[in-house]
Amino acid sequence: QIESTQTENSKYLPNQIPISTQINMTIKMTTAAPPTQLPVVGDESIMSKKSHGTSNVPVQSDLRWGCDRETADRICNFNRHYAEHAGYFLGKSNFLEEAKKEGDNKTITFYDSNTGEALFHAPQGRTMDQFLKESQAHGWPSFRDDEVNWDAVRCLKNGEAVSLAGTHLGHNLPDRNGNRYCINLVSVAGKPTNKA
């Protein structure tokens, strides 16, 4: 909204605004639609029975970081409530070595163990050391809202975190700092697939 006030002795130049016009401008800032409320909630139908448990495909045969395929398949596709044992990821030296090698200036992408789709990118807005310390404190890789690929991940009303492909990932266990997604390493140890 623009309000204009002219003084009595305004002089005009041809095809222009009067020189002595005093313009009082009030600019009303408009903002985009408010951000989506996080977590993005999915429908229970995401986890309906499919050709391989809750997914159309079994876990990949060669998971990253030496994760056990049998454990991964059971947790990802034939489970809705259970998890790998607390601290499982700490026993995966390949994972810890990669995290330390990446350092604070890089992120690790975590892929769906069934489909190879990118689900998480961490750390975001914190250091690798902070990501690893929080994960260690809780016993599972722990992601925050900014680290989730919301195009591929949903949380069900009961807090279960799942991929849109039907992979059980873990649970949202909020703390004083906000949403915290405690995710099974075996669920996000896939390798990226090339989709042509």
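Residues numbered from 1 in each chain as written. Predicted model: local features only at pLDDT ≥ 70, side-chain atom pairs only at ≥ 80, totals over all residues. Heavy atoms only, no water.

(A) Representation of unusual backbone geometry. Each neighbour pair has its own omega, and for Leu38 with Pro39 the value is 0 degrees, a cis peptide bond. Among the structural elements, Pro39 can be located in the loop between β2 (22-25) and α1 (69-77). Following Ala122, the chain continues to Pro123 via a peptide bond in cis, the omega torsion being 0 degrees. With respect to the secondary-structure elements, Pro123 resides in the loop between β4 (118-122) and α3 (128-138). You will see that Trp65, though not glycine, has its phi angle at about 65 degrees, which is positive. Take Trp65: it is sitting in the loop between β2 and α1. (Helix = DSSP H or I, 4+ residues; strand = E, 2+ residues; numbered from the N terminus.)

(B) Quick peek at the pairing of strand β7 (residues 160-163). Side chains Glu160 and Val162 of β7 all project onto a buried face; the interleaved residues Ala161 and Ser163 project onto the opposite face, where all are buried too. Bridge count for strand β6 (residues 153-155) against β7 is three bridges, and the pairing is antiparallel. Residue Cys155 lies in a different strand from β7, and its bridge partner there is Ala161. Between β6 and β7, which pair antiparallel one after the other, the connecting turn spans four residues, and Gly159 there sits at a positive phi close to 95 degrees. Here β7 pairs with strand β8 (residues 168-172) via three bridges, running antiparallel. Of the residues in β8, the one forming a bridge with Val162 is His168. Between β7 and β8, which pair antiparallel one after the other, the connecting turn spans four residues, and Gly166 there sits at a positive phi close to 95 degrees. (Buried < 20%, exposed > 50% of the residue type's maximum accessible area, 1.4 Å probe, protein only. Pairing = 2+ DSSP bridges.)

(C) Structural context of the side chain of Glu147. Inspection of the secondary structure puts Glu147 in the loop between β5 (142-143) and β6. Since its relative accessible area comes to 0%, Glu147 is described here as buried. A polar atom in the side chain of Glu147 sits 3.0 Å from the backbone nitrogen of Gln124. At 2.7 Å, the side chain of Glu147 forms a polar contact with the side chain of Arg126. Ignoring any residue separated from it by four or fewer positions in sequence, one finds Glu147 in contact with Leu119, Phe120, His121, Ala122, Pro123, Gln124, Arg126 and Ser142. (Polar contact = N/O pair within 3.5 Å; in protein donor to acceptor, adjacent residues only side chain to side chain. Contact = heavy atoms within 4.5 Å.)

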